[in-house]
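# Understanding the architecture of this molecule
Listed here are the chains, written in short residue letters.
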Amino acid sequence: MALDKPYQDIPGTIIFDAEQSRRGYWLNQFCMSLMKAENRERFKANERAYLDEWAMTEEQKQAVLARDLNWCMRTGGNIYFLAKIGATDGKSFQYMAATMTGMTQEEYMQMMLSGGRSAEGNRYIGEDGDAQAHRQPQGQSHQKKDA
């Protein structure tokens, strides 16, 4: 897509924009189907057969089967829809978020209770080096004052 997307410059972040929404439409529809008990039972009985009923890409199906939520997100999945997979498996959202960070559930919980992930290294790539240059000394305005 030809749109300028400066937000793609954030390390490790997938922004769910219109392009991602189109890419993940059927993956997210599959996830929403899991809100019905009968669909959860059909999925648990034969995951591959149930996935094959959806117009998902093979990569999306493999990501679901692997329960790799980061992979699902890269293929257009939205975390709020993907949470239905975890719920179907009896997993908490906290557990799923922990797996996405490579932490144990306990480590993830402690990180969040301690204020979350540090912003260092998680800003726009261009922002880290430029952040100091763009800061104004305290008390100074961006506007010129008439003398």
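Residues numbered from 1 in each chain as written. Predicted model: local features only at pLDDT ≥ 70, side-chain atom pairs only at ≥ 80, totals over all residues. Heavy atoms only, no water.

- With an unreviewed UniProt entry as reference, the protein chain is termed Protocatechuate 4,5-dioxygenase alpha chain, source organism Sphaerotilus sulfidivorans.

### What to know about the overall build of the protein chain
- Scanning the protein chain from terminus to terminus reveals ten helices and zero strands.
- When the helices and strands of the protein chain are placed in sequence order, the string is α-α-α-α-α-α-α-α-α-α.
- Within the protein chain, the proportion of its 147 residues that are buried is 27%.
- Taking as baseline every contact in the protein chain between residues at least 6 positions apart, the subset at least 24 positions apart corresponds to 49%.
- Carbon and sulfur atoms make up 52% of the accessible area of the protein chain, which totals about 10,000 Å². (Helix = DSSP H or I, 4+ residues; strand = E, 2+ residues; numbered from the N terminus. Buried < 20%, exposed > 50% of the residue type's maximum accessible area, 1.4 Å probe, protein only. Contact = heavy atoms within 4.5 Å. Areas by Shrake-Rupley, 256 points an atom, 1.4 Å probe, with all protein chains shown as cover.)

### Some points on helix α7 (residues 79-88)
- Restricting attention to buried positions, one finds in α7 the residues Ile-79, Leu-82, Ala-83, Ile-85, Gly-86 and Thr-88.
- In the core, the buried residues of α7 are packed alongside α2 (25-33), α3 (37-45), α5 (58-66), α6 (69-74) and α8 (93-101).
- Residue Asn-78 occupies the N-cap position of α7, its side-chain oxygen lying 2.8 Å from the main-chain nitrogen of Tyr-80.
- Once α7 finishes, Gly-90 follows within two positions and takes phi at roughly 75°, a positive value. (Polar contact = N/O pair within 3.5 Å; in protein donor to acceptor, adjacent residues only side chain to side chain.)

### Comments concerning the packing of α2 against α7
- Two elements in contact, α2 and α7, have axes whose closest approach is 8 Å; the angle formed by their N-to-C orientations is 45°. The orientation of α2 with respect to α7, classified from their angle, is oblique. Note that α2 runs across α7; the crossing there is left-handed. Contact residues: Leu-27, Asn-28, Phe-30, Cys-31 and Met-32 in α2; Phe-81, Leu-82, Lys-84 and Ile-85 in α7.
- In the contact of α2 with α7, the residues fall into seven nonpolar, one polar and one charged. (Axes fitted to C-alpha atoms, helices over the stretch in contact; angles between N-to-C directions. Parallel < 35°, antiparallel > 145°, perpendicular 65-115°, else oblique. Left-handed = near helix turned anticlockwise from the far one by under 90°. Nonpolar A, V, L, I, M, F, W, Y, C, P; charged D, E, K, R; others polar.)

### A short note on the packing of aromatic side chains
- In this structure the tally under the stated criterion is seven aromatic pairs.
- Pairing Trp-26 with Trp-54 gives two aromatic rings, centres 6.3 Å apart and planes at 50°, and the pair type is tilted. Of this pair, Trp-26 sits in helix α2 while Trp-54 sits in the loop between α4 (47-51) and α5, placing them 28 residues apart in sequence.
- Here Phe-30 and Trp-54 contribute two aromatic rings whose centre-to-centre distance is 6.5 Å and whose plane-to-plane angle is 70°, an arrangement assigned as edge-to-face. Highlighted residues: Phe-30 in helix α2 and Trp-54 in the loop between α4 and α5, separated in sequence by 24 residues.
- Residue class for Trp-54 comes out buried when judged on its relative accessible area of 19%. (Phe/Tyr/Trp six-rings, centres within 6.5 Å; stacked < 30°, edge-to-face > 60°.)

### Concerning the pattern of salt bridges
- Tallied over the entire structure, the rule returns eight salt bridges.
- Of the charged contacts, one joins Lys-44 and Glu-41 as a salt bridge, the two residues approaching to 3.7 Å between their closest N and O atoms. Highlighted residues: Lys-44 and Glu-41, both in helix α3, separated by three residues, approximately one helical turn.
- Salt-bridge contacts for Glu-47 lead to Arg-67; the nearest nitrogen and oxygen are separated by 2.7 Å. Of the two residues, Glu-47 is situated in helix α4 and Arg-67 in the loop between α5 and α6; the sequence distance between them amounts to 20 residues.
- Three or more residues are tied together by salt bridges with common partners; here these are Arg-48, Asp-52, Glu-58 and Lys-61. (Salt bridge = Lys/Arg side-chain N within 4 Å of Asp/Glu carboxyl O.)

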